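Here is how the chains run, residue by residue.
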Amino acid sequence: MRKCCFLLILGVISIYPFYTAFSAPSDTTEMITFPSSSISVTDDALATRVNPAFLGFRGGVEAYFLYPYLTGQDSITNNSMGLAIKLGGLGFTGEFANDGPQHFNRYTLGSGFSLGSGLYFGLSHEWYRVVDWQSSWNVGLGYRPLPFLSLGSVIYDLNEPNRNGVNTYRSYGASLAVRPIGHRLTLAGDVLFTKRASVAGQGGYDYGDNLDPRLLADLSLFDGFRLTGDYRFKSKYLGIGVKLAVDNLGVGNYRLMDQNGDRPMSVAYAHLTSARQPNIFSPPSHQIVEVSLEGAILEAEPPFTLIQWGKKGKTLQQLRNEIQAYADDPRVDGLLINFNGVEIGLAQMQQLRRALEEFKAAGKKLIAWSEDYTQSEYYLATVCDEIHLLPVGFVDLHGLAATLQYYKGTLDKLGVGIQLIRVGDYKTAGNAFAFEDTPPAEAEMFNWLLDDIYQQILTRLGEGRDWTVEEVQAKIDAGPYDTHRALEAGLVDSLHYYDEITKTLKDSKYHLVSDHRYWAMEEYEQEWPDIRTPKVAVIYAEGAIVSGNSGSGFFGGTYMGAETIAKAIRTAREDHTIDAIILRVDSPGGSGIASDIIYREVLRTTEDKKNRKPIIVSMGNVAGSGGYYISVAADTIIAEPGTITGSIGVIFLKPNFEGTYKKIHLNTHTFKRGEHADALSTDRPMTDPELEMMQEAIRNFYDDFIGKVADLRGMSKAAVDSIGAGRVWTGSQAKDRGLVDLLGGMDLAFEIIRGKLGIEEGAPMNLEFYPKQPSFLVQMASGIGAFFHPPMPKALTEALEPLELTLEIYDGQPLLLMPCKIEIK
């Protein structure tokens, strides 16, 4: 009811000549009166006409519908109208003037964009219809270095067009605005320098001879209600106005008059925005936000695609930010989390669980519901105050199992030979091709990994449900569970349908809001930027490491191209506006040469005296072998307890199909110059001398690897070798052995950056993400390609992905590769 009354008031205001705003007295080419504006303040759709530079201040879509009118004592006359549209940094205005001595249509097309460091630049072009006037160009600059200061300047009629046979001169506008108490109060001063020649007996004047300075004040008493007033000192014109807004709609009216109250000029308008304008009708309190966790939890934001196959998950950073926003919002009392097939790694689970724990520590409620819980979903659900399950659901709590596959026997039958060279018995990445069963060293390593991961899971489940480790282990040994056994064992608190849960919450006077609705409309940006806010580059180094550019595989997965990531690090290092770098590594390794190229750029960042800035590595689910190689030169290395890392070692794999060719009667003949010209040929195995040379090369590469780790981690080479030689560790084990510095996630990385930059805990930082997304046309082409390439069954892609990876990175060079992929399901 209150909102309806308010909208009625808006309608009255939009047609009643009450709202007045200041504009310069119009000449015959400026018959459309605009709402009060300033060269340094106006940054909405009207900026196209006022200062095109500030079209680049905010994104989104906006539109003004202008209804100018002249008022007599008892009449309102109007034959004119105006339109202003803004699409991101592009703006268009149309003015249709049918009152006054001249009738004309004027169109203005403008563009504005940010130059960085609070500086904006814009250009606009005006042209006319109905009248035969030359078009003109305007150019604008804007500068907003601080939240309380804005400056603007414009050159109008840059090309000095001819109108009615008279050449107009350029006009120069300048403005300064301040906000002494934030966006609630804006004070601005504008001045326009003009020149006019003597025409038909009318006297002319030069720049500075006819100044008419203008002062503007803009006051927001409360959200959704804004008063404006401005005054021109020489001509003594006064404008006073008001604007009311609700969500996406704002309406207002303005009037301009002289000192005697004569010559009133007014305009009513409607202002539409894609972003939500603050208003007194804020969302209700006591909200429970319905959050759906589904699909793959990503590291970097994927490129835009026209066709989306399957569920699109959110990025881990996006989830963290959203949970933090819910925690900070006093209107939100809790979250109702629907676990709906989320795909997430252990390190990501640990960071997401920590974010939920912080939300809960803020005194807010967490409720979990699912049709059936996977083990990873149940790990997250145990942090919640209540765990509910569908009456015919399932809790798949079953423990850990690692199954390794060995292909040597199969390859032997096919006549495929594999020659494996490695340093250390624990460098097991090639074991699947060279052994028929698990060697003792590999079995030992997988046991210590599973022991540590299992203990981490037991501890967290026990903390969430107030069980001892022994109790958790007993419950896991009795799993998995159907609904009734899950309820009897205390794994869940109740068996209910989702609608029953929501009804109970509504009966408890909570307002349920879906996460989609909560985030559907962003707030209209009103604050000015602060260039003093530190800028941090976040570089996502994700996927197997290959030479060249990053990309994605045919069977799924992503590849980290050395050229792409090295360029991203170099660009961030050399960008003077960036204060620090976070390298987010989620990689099993890959090409040794490609790894070294990325490592070199990280090292240069720490050694570059001219562009020295902190670089922090935050490890994701896996950062082993080549993934650790590219991380070791960073100032600080952070890993989650469940991160899989280490695997300091090198392997070389050489396949040959000599036996296969004989089986199918395929004959080859090689002509060569040089004893070892065909050493890497798949027609034959390598000879003993060739194997010895390659063994020496691999040994040298390994020696260089452990030497770099020793130098950068303050250890001896012997100490590194004792924890290297291919040994894989969890993040907690790696910290105990000096391979990583701290346990945590991106949240900890941000706090370390704040400490190094000397700013307080939790202070805002601007984030710049790398690598940059492909161009829009490239993304469109990828989307079209995705339409003709629907995904294969997940089980098939998981089986074929390792083979594709091997073919992608194999080119006869040393490999820094993890032995396998470890997932918690």
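Above this note sits the structure.
Residues numbered from 1 in each chain as written. Predicted model: local features only at pLDDT ≥ 70, side-chain atom pairs only at ≥ 80, totals over all residues. Heavy atoms only, no water.

(A) Representation of the overall build of the protein in the model. Within the protein, the secondary structure is distributed over 22 helices and 39 strands. When the 825 residues of the protein are sorted by exposure, 49% land in the buried category. Long-range contacts, defined here as pairs at least 24 residues apart, represent 66% of the contacts in the protein between residues at least 6 apart. For the protein, the exposed surface amounts to about 37,500 Å²; the carbon and sulfur share of it is 56%. (Helix = DSSP H or I, 4+ residues; strand = E, 2+ residues; numbered from the N terminus. Buried < 20%, exposed > 50% of the residue type's maximum accessible area, 1.4 Å probe, protein only. Contact = heavy atoms within 4.5 Å. Areas by Shrake-Rupley, 256 points an atom, 1.4 Å probe, with all protein chains shown as cover.)

(B) Highlighting the pairing of strand 13 (residues 185-193). Of the strand pairs in this sheet, strand 11 (residues 171-178) and strand 13 are connected by seven bridges, and their pairing is antiparallel. Bridge assignment links Ala177 to a residue of strand 13, and that residue is Ala188. Pairing between strand 13 and strand 14 (residues 214-222): six bridges, direction antiparallel. Opposite Leu187, over in strand 14, you have Ala217 as the bridge partner. (Pairing = 2+ DSSP bridges.)

(C) Here's a closer look at the packing of helix 14 (residues 592-607) against helix 17 (residues 688-713). Interaxial distance between helix 14 and helix 17 falls to 13 Å at its minimum, and their mutual angle equals 20 degrees. Compared by their axis directions, helix 14 and helix 17 come out roughly parallel. The element helix 14 and its partner helix 17 pack so that their crossing is left-handed. Counting all contacts with helix 14, which are made through Gly592, Ile593, Asp596, Tyr599 and Leu603, the residues of helix 17 involved are Phe701, Lys708 and Leu712. Here the contact of helix 14 with helix 17 is composed, by residue class, of five nonpolar, one polar and two charged. (Axes fitted to C-alpha atoms, helices over the stretch in contact; angles between N-to-C directions. Parallel < 35°, antiparallel > 145°, perpendicular 65-115°, else oblique. Left-handed = near helix turned anticlockwise from the far one by under 90°. Nonpolar A, V, L, I, M, F, W, Y, C, P; charged D, E, K, R; others polar.)

(D) A look at a nonpolar patch on the surface. Taken together, Phe113, Leu115, Leu119, Leu141, Tyr143, Leu151, Leu176, Val178, Leu187 and Ile531 make up a surface patch of nonpolar side chains, about 760 Å² in accessible area. Mapped onto the elements of the fold, Val178 is located in strand 11. Judged by its relative accessible area of 31%, Val178 falls in the partly exposed class. (Patch = residues over 30% accessible without salt bridge, like charges linked within 9 Å, V, L, I, M, F, W, Y side chains within 5 Å. Salt bridge = Lys/Arg side-chain N within 4 Å of Asp/Glu carboxyl O.)

(E) Spotlight on the packing of aromatic side chains. Overall, the coordinates contain 24 aromatic pairs when judged by the stated rule. Summarising the aromatic geometry, the rings of Phe54 and Tyr120 are spaced 5.8 Å apart at their centres and angled 50 degrees between planes, so their arrangement reads as tilted. Pair noted here: Phe54 is in the loop between helix 2 (47-50) and strand 1 (61-71) and Tyr120 is in strand 6 (residues 119-129), with a separation of 66 residues, a long-range link. No difference in accessibility class separates Phe54 from Tyr120, as the two residues are buried. Taking 5.0 Å as the distance between ring centres and 65 degrees as the angle between the ring planes, the aromatic pair formed by Tyr518 and Trp519 counts as edge-to-face. Trp519 gets classed as partly exposed once you look at its relative accessible area, which sits at 37%. Through pairs of rings, three or more aromatic residues link up here, namely Phe92, Phe96, Tyr107 and Trp127. (Phe/Tyr/Trp six-rings, centres within 6.5 Å; stacked < 30°, edge-to-face > 60°.)

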